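Here is what each chain is made of, one letter per residue.
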Amino acid sequence: MNPNQTKIDNLTSAIRNIPDFPKPGIQFKDITPVLADPQLFADALELLTNDFKQGEIDYFVGVEARGFIFSAAAALKLGAGFIPVRKPGKLPYDTYEESYDLEYGSNSVCIHTDAIRPGSRVVLMDDLLATGGTAAATAALIRKFDAEIVQVTFLIELAFLKGREKLQGLPVRSLITF
Ligand code: AMP
C-alpha cells in the first residue's frame, strides 16, 4: 500500500469522535490523540507540508487555537514565519477584523495590521474545515496585505458541510475527509 495512505489511515483511526460536543448534534473531531503520539504528530506534519519546499513559503497563518499547533510546527519546519489569527480582544497591537455568520449570530477573527509583508507567499492552515466560515474570513484578512495564498490546508474536512464552496478560487487541500 502507498506509505502515505497507511499514514493517513493511522491518523484517521486515531482521531476521536465525541458525539454532542460542544452542543447536541455536533460530532466533535478530537485530534488530541494525534498530538499526544510523536509518530502520528510527525506524520501529520509531514503530510500537511509535503507540497512545499524549504524557504518557499513566507508565512503560515494559523487560527486560534488548534490551528496554531500545526501552523507553528509547519513554519518552523519550512523556515517560514508564523502568524496568529485570533478572536477579538486577544491581539495586543492594532488589528484588522473580519466577521462571518454562524447558524445563530456571528463570529470575528483578527490579525495584526503589520503581520504580513505585501507580496508574501502565505499558507493558511487549520485543523478542520467545517462550514468554511472561519477559513473564508481568515483568507479575507490575508488578502488585505496583497499577499498570495498558496494553499489553504486542513488535517480534516467535513465534506457534507460544503466548506469548500466558501473558499472558491483558493487551492484547498485536506488530508482526511469525513
Ligand atoms: P467552520 O468555520 O465552520 O469551518 O469551523 C471551523 C473551525 O471550527 C475550526 O477551527 C475547527 O477547529 C472548529 N470545528 C468546527 N466543527 C468542528 C468539529 N466537528 N470538530 C472539531 N472542530 C470543529
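What you see is a predicted model, and the numbers here were worked out from it, not measured in a lab.

A.B. asks: Just to check I follow, could you spell out the environment of Ala139 for this structure?
C.D. replies: By secondary structure assignment, the location of Ala139 is in helix α5 (residues 133-143). A relative accessible area of 0% means that Ala139 is categorised as buried. It is 21 Å that separates the C-alpha atoms of Ala139 and Leu78, two residues lying 61 residues apart in sequence. Excluding residues that lie within four positions of it along the chain, Ala139 makes contacts with Leu124, Ile149 and Leu170.

A.B. asks: Help me understand helix α4 (residues 66-78) in this model?
C.D. replies: An α-helical segment advances 3.6 residues per turn. Residues three or four places apart therefore align on the same side. The end-to-end C-alpha distance of α4 is 19 Å, a good match for the 18 Å that 13 residues give at a rise of 1.5 Å each. Contacts from the buried residues of α4 go to α2 (32-36), α3 (38-49), β3 (59-63), β4 (81-85), β7 (121-129) and β8 (148-157). Immediately beyond the C-terminal end of α4, within one or two residues, lies Gly79, with a positive phi of roughly 70°.

A.B. asks: Sorry if this is basic, but what is going on with the nonpolar core here?
C.D. replies: What tends to happen in soluble globular proteins is that the nonpolar side chains get buried as a cluster. Phe60 and Leu155 are the most contacted members of the largest nonpolar core, which has 27 residues in total. Within the residue set of this core, elements represented by two or more residues are α1 (3-14), α3, α4, β7, β8 and β9 (172-177). Among the elements that line this core, the one with the most residues is α3, at five residues. Contacts of Phe60, omitting those with residues within four sequence positions, involve Phe52, Ser71, Ala74, Ala75, Leu78, Ala80, Gly81, Phe82, Ile83, Val123 and Met125. Counting residues in each nonpolar core, the second largest holds 26 residues, with Ile116, Ala147, Ile149 and Leu167 among its members.

A.B. asks: For this particular structure, what's the right way to read the pairing of β3?
C.D. replies: Every other side chain in a regular strand lies on the same face of the sheet, so the side chains alternate between the two faces. Most of β3 sits out of view: five of its five residues are buried. Judged by which residues are buried, β3 turns out to be covered on both faces: Tyr59, Val61 and Val63 on one side and Phe60 and Gly62 on the other are all buried. Inspection of the sheet shows β3 paired to β4 by five bridges, in the parallel sense. Its bridge partner being in β4, Val61 is matched across the sheet by Ile83. Of the pairings in the sheet, the one linking β3 to β7 comprises four bridges and is parallel in character. Counted as the bridge partner of Tyr59 is Val122 from β7.

A.B. asks: Looking at this structure, how should I read the site of the ligand?
C.D. replies: By nearness alone, 13 residues border the ligand, and Asp126, Asp127, Thr131, Gly132 and Thr134 come closest of all. Measuring from an oxygen atom of the ligand, one finds a side-chain N or O atom of Asp127 at 2.8 Å. Notes on the ligand: free accessible area 490 Å², of which the protein chains cover 81%. Elements with a contribution of two residues or more to the shell around the ligand: β2 (27-30), β7 and α5.

The rules behind each value
- Residues numbered from 1 in each chain as written.
- Predicted model: local features only at pLDDT ≥ 70, side-chain atom pairs only at ≥ 80, totals over all residues.
- Heavy atoms only, no water.
- Helix = DSSP H or I, 4+ residues; strand = E, 2+ residues; numbered from the N terminus.
- Buried < 20%, exposed > 50% of the residue type's maximum accessible area, 1.4 Å probe, protein only.
- Contact = heavy atoms within 4.5 Å.
- Expected span 1.5 Å × (residues − 1).
- Core = buried A, V, L, I, M, F, W, Y, C linked by side-chain atoms within 4.5 Å.
- Pairing = 2+ DSSP bridges.
- Near = heavy atom within 4 Å.
- Polar contact = N/O pair within 3.5 Å; in protein donor to acceptor, adjacent residues only side chain to side chain.
- Areas by Shrake-Rupley, 256 points an atom, 1.4 Å probe, with all protein chains shown as cover.

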